[in-house]
Amino acid sequence: MAADQRPKADTLARRQRLISSSCRLFFPEDPVKIVRAQGQYMYDEQGAEYIDCINNVAHVGHCHPLVVQAAHEQNQVLNTNSRYLHDTIVDYAQRLSETLPEQLCVFYFLNSGSEANDLALRLARHYTGHQDVVVLDHAYHGHLSSLIDISPYKFRNLDGQKEWVHVVCTAQLTTDCSLLCRVSAQCGRADHSPCWLLLPSGRLQGKDFVPDIVTMGKSIGNGHPVACVATTQPVARAFEATGVEYFNTIPAGQGQGGRGKGAKALQFGGSPVSCAVGLAVLNVLEKEQLQAHATSVGSFLMELLGQQKIKHPIVGDVRGVGLFIGVDLIKDEATRTPATEEAAYLVSRLKENYVLLSTDGPGRNILKFKPPMCFSLDNARQVVAKLDAILTDMEEKVRSCETLRLQP
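Residues numbered from 1 in each chain as written. Predicted model: local features only at pLDDT ≥ 70, side-chain atom pairs only at ≥ 80, totals over all residues. Heavy atoms only, no water.

Asks: Just give me the short version of the packing of aromatic side chains, but keep the residues and values in it.
Replies: Applying the stated rule across the entire model yields five aromatic pairs. Relative to phenylalanine 27, the ring of phenylalanine 26 has its centre 6.2 Å away and its plane inclined at 50 degrees; by these criteria the two rings are tilted. Accessibility expressed as a relative area gives 47% for phenylalanine 26, which makes it partly exposed. Both rings, one in tyrosine 92 and one in phenylalanine 109, keep their centres 5.3 Å apart while their planes meet at 20 degrees; by these two values the pair is stacked. In this pair, tyrosine 92 sits in helix α3 (residues 87–97) while phenylalanine 109 sits in strand β4 (residues 106–110), placing the two residues 17 residues apart along the sequence. In this structure, arginine 125 is placed above the aromatic ring of tryptophan 164, and the distance from its NZ or CZ to the ring centre is 4.7 Å. (Phe/Tyr/Trp six-rings, centres within 6.5 Å; stacked < 30°, edge-to-face > 60°. Buried < 20%, exposed > 50% of the residue type's maximum accessible area, 1.4 Å probe, protein only. Helix = DSSP H or I, 4+ residues; strand = E, 2+ residues; numbered from the N terminus. Lys NZ or Arg CZ within 6 Å of the ring centre and 35° of its normal.)

Given below as C-alpha cells:
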C-alpha cells in the first residue's frame, strides 16, 4: 500500500486543484500528510509519529481494533436502512438510554452532529410552537443553513444575527434557574417553554435538571458517520402528531425518495453497521474505563498547564473539563489582548516537534486540547514539556508579546 502512495507535493497539488479552498487544511504553510493512525498517534508518509491533541472525534482512539472489527463483521452480513426490523438499532438505543436520565427515552439516529442538531431544532419548535432560540456567544452548532443561523461563530461573517436568535455570554451561565428566567426574558416571554436554550454538555447539572433534548455527534461512532438525538416522550409525540414521517434510507444511488406526508430521508442513520459501531464504542468506553481515565489524565494535564501559567506570562488562563481543555494566550495581563500571532507560531512549532494541536476562539488565541480519550499521563508530560521549551525559547528570542519579530 505504501508503495502506491504519491509524493506529498503531488497530493497537495491535486487537493488545491480539486478540493475547495473553503475546506481548509491544518498547518496550511506546511500541511502534514497523514497516512495512518492508531490510538492517540498519527503517522505521516515518512513514518514520523505525532501525538494527536486535535481529534476528539476518534473518541476511544484511532482505528480501535474492537470498533474496526465490529464494523467489518456487520458489513459482511448486512447494512441497510432502519425501515426493517433489526436487533442492533434497538440494542444500541437501549444501551444509550442506560447512560441518560430516564425521561430521555426516545431516540432518532442520524449521520452527523449537524443533522442531529437540525432535527433537535425541529423537535423543539414543534413542541413549543415558537421560533426563538437562545445560544451562547461564539457558539457553533453545525454547517446546515438552519444551524448557521444560530451559530454566532459563523453568522457574524455571513448574513448577521436573525431577530429570533438571542445570544448570551458564557459568563452569564449559572447553575440555578435564574439563567433560564433571564434568557426567557430576552425572548420576550414570561415562561420558559417558548425558548430553546442551546448549551454545551455539562454546563447545567444536578438531580433536578433534565434536558428535553440531547444531541450526540459522530464521536459516538469513533468517527464513523453516526449521530443521535435523545428526547422525551412528550417532545417526540408532538413531532409525531404533525404526520411527518421520519426514516433513514439506503445508500445514494439505490433510491432516496420520501414516502408518506413530508417524509424525511437520511442516508444510513441507524443502519446495522452504524449501530454495531456505536455499541462497540460503548463497550470500549466501559471495558477500558475511559471516562475515569479522561478525568484523571485531564486533571493531571490541567495541573501541568497551570504550572505553565505561573511560569509564562503569555498564558492568561487554563480552563476545561476532562480532556477538553483551553489555554488562553494573551499579550498582556492588563488588557488581555489575544496573542493571535503567538498562538499560530506556537502550534506550528509544536507540529515541528511532533505534537498536533489547534487554536480556537474569537481571537484564534486559545490552544485547544481535545485528544482521543486514550491520551496518557506520559503524553501529557511530553506535550507540556515541549510546550514549555517552545515558550521559553519564544521569551528569549521575541522582543515582547506584541510581536514575533526577533530581537536585533
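Asks: Could you give an account of unusual backbone geometry, with specific residues and numbers?
Replies: Phi at phenylalanine 27 takes a positive value of approximately 50 degrees, unusual for a residue other than glycine. Within the fold, phenylalanine 27 resides in the loop between α1 (8–18) and β1 (34–38). Residue histidine 138 is not a glycine yet carries a positive backbone phi of 70 degrees. Tracing the backbone shows histidine 138 in the loop between β5 (133–136) and α5 (145–148). Taking the relative accessible area as the measure of exposure, histidine 138 reaches 42% and is therefore partly exposed.

Asks: So what's going on with the pattern of salt bridges? Residues and values would help.
Replies: Following the criterion strictly, the structure yields 18 salt bridges and no others. One salt bridge in this structure joins aspartate 388 and lysine 311, with 3.0 Å as the shortest N-O distance. Note that aspartate 388 is positioned in helix α12 (residues 377–397) and lysine 311 in helix α10 (residues 290–311), a separation of 77 residues in sequence. Of the residues examined, aspartate 388 reaches a relative accessible area of 17% and is grouped as buried. (Salt bridge = Lys/Arg side-chain N within 4 Å of Asp/Glu carboxyl O.)

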